[in-house]
Amino acid sequence: MTSMMGVVRGNRQRRGRWLYAIVLLSLSACDRSDDWRQFSRLAAQPTTLSTLQREPIPSSEPLRALQAQNPNFIDSQLVDLGRQLFHDKRLSGDETISCASCHNVKAGGDDGRATSVGMKGQIGNINAPTVLNSGHNFRQFWDGRADSLVAQALGPVVNPVEMGASWPEVLDKLSTDQALTSRFEAVFDTREMTPELLAEAIAAYERTLVTPSPFDDYLSGDTGAISARAAAGYELFKGYGCTACHQGVNIGGNVMQYFGAFHAVDVGHNQKAGEADAVPVYKVPTLRNVALTSPYFHTGSVSSLSDAVKVMGAAQLGRTIDNEDVQLIVAFLESLTGKLPEHALKPTQVTFAQ
């Protein structure tokens, strides 16, 4: 009997090794590019979040309930410092623009414009995504070029169309603010400011901007948390295949996708000179608070949520969604509007150097 079990075990191990080898060969044949290896590395990394635990969610659901942020982390000095810096206009070249100028946390986490207005009234070329729940995104920016919120926070400060500053200039200004440097030292145990540490504080604040919604209560078992129309809309959302791209805890934000996968739809253009032939691949946006973040898409060219649903049906699913189904899906999307944590609603007084 022992000998027979050894033979069976050996056969299983050999079959397992053959299957493993076949899978590796199949994957390696897909794409050997640096981009593919980079994507594979990032996709394999788990997301660590400080959260409060709710009841387990059935594994059959493509969406996951959003957890409230740990209050101990929200009340930390690091987060409070980041909140102040997020609203500090000294991070811009002419001290007229802060992170909050384009990401109003009290109004959906964006600026309500098709494209943002930067320093000296300069018009950007892409729609500002919401900062709410951005800590759950696997990449930042529409093109996914930043692999973390810290990396993202470093960019706008030196973008000439956005905040138009230089880090040496910003550090010189902030280091003269004794109140700020004292708080900085209390958090980081040093008075020597660096762009990376400032960005770390801003990112810490942004990670606390989570907005659990009535739909999260619904997913957690409270069937009366949303309307019957919203519940029907969720079933349609799944039935039409929207969860192929919009899934997980952030209902998006975890995959890059072609815009116009099934049907080319003209929603305007935002390519720079020489990019006319670029493949239109973008990070799939979160749908949380989507009812508050009009206008839609990377171009900000669609103002109605109903129209956005129709565009997505045609462009990404190759389907025409009838008006009644559209309205039910919109009711579901409206149930994703969440509640801001209390600290995000506080008035922010930024200390300026005398």
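As shown above, the structure is provided for reference.
Residues numbered from 1 in each chain as written. Predicted model: local features only at pLDDT ≥ 70, side-chain atom pairs only at ≥ 80, totals over all residues. Heavy atoms only, no water.

**Student:** Just checking my understanding: could you explain the environment of Asn254 for this structure?
**Tutor:** Topologically, Asn254 is positioned in the loop between helix H11 (228-239) and strand E1 (256-258). In this structure Asn254 comes out as partly exposed when scored by relative accessible area, which is 31%. Counting along the chain gives 118 residues from Asn254 to His136, while the straight-line C-alpha distance between them is 8.1 Å. Discounting chain neighbours no more than four positions away, the residues touching Asn254 are Phe138, Cys245, Gln247 and Val284. A distance of 2.9 Å separates the side chain of Asn254 from the side chain of Gln247, its partner in a polar contact. (Helix = DSSP H or I, 4+ residues; strand = E, 2+ residues; numbered from the N terminus. Buried < 20%, exposed > 50% of the residue type's maximum accessible area, 1.4 Å probe, protein only. Contact = heavy atoms within 4.5 Å. Polar contact = N/O pair within 3.5 Å; in protein donor to acceptor, adjacent residues only side chain to side chain.)

**Student:** Honestly, the nonpolar core in this entry has me stumped. Any pointers?
**Tutor:** The tendency in soluble globular proteins is for nonpolar side chains to be buried side by side. One finds Leu85, Phe86, Leu174 and Leu198 to be the most contacted residues of the largest nonpolar core, which totals 35 residues. Elements with a contribution of two residues or more to this core: helix H4 (77-86), helix H5 (99-102), helix H6 (149-158), helix H7 (167-175), helix H8 (178-188) and helix H9 (195-207). Those residues in contact with Phe86 that sit more than four places away from it in its chain are Ser98, Cys99, Ala100, His103, Val105, Val131, Ile202, Tyr205 and Glu206. Formed by 34 residues, the second largest nonpolar core is a distinct cluster that contains Trp142, Ala231, Phe237 and Val290. (Core = buried A, V, L, I, M, F, W, Y, C linked by side-chain atoms within 4.5 Å.)

**Student:** What's the story with the packing of aromatic side chains in this structure? I'm lost.
**Tutor:** Each aromatic ring pair is specified by the distance between its two centres and by the angle formed by the two planes. For the structure on display, the rule yields 9 aromatic pairs. For the pair Phe237 and Phe332, a centre-to-centre distance of 4.9 Å together with 50° between the ring planes defines the contact as tilted. Taken together, the positions of Phe237 in helix H11 and Phe332 in helix H13 (residues 323-334) put the pair 95 residues apart, joining distant regions of the chain. Both residues of the pair, Phe237 and Phe332, count as buried. Here a set of aromatic residues connected by ring pairs shows up, and it is made of Phe215, Tyr218, Tyr234, Phe237 and Phe332. Between the NZ or CZ atom of Arg145 and the centre of the ring of Phe141, over which it lies, the distance is 3.7 Å. (Phe/Tyr/Trp six-rings, centres within 6.5 Å; stacked < 30°, edge-to-face > 60°. Lys NZ or Arg CZ within 6 Å of the ring centre and 35° of its normal.)

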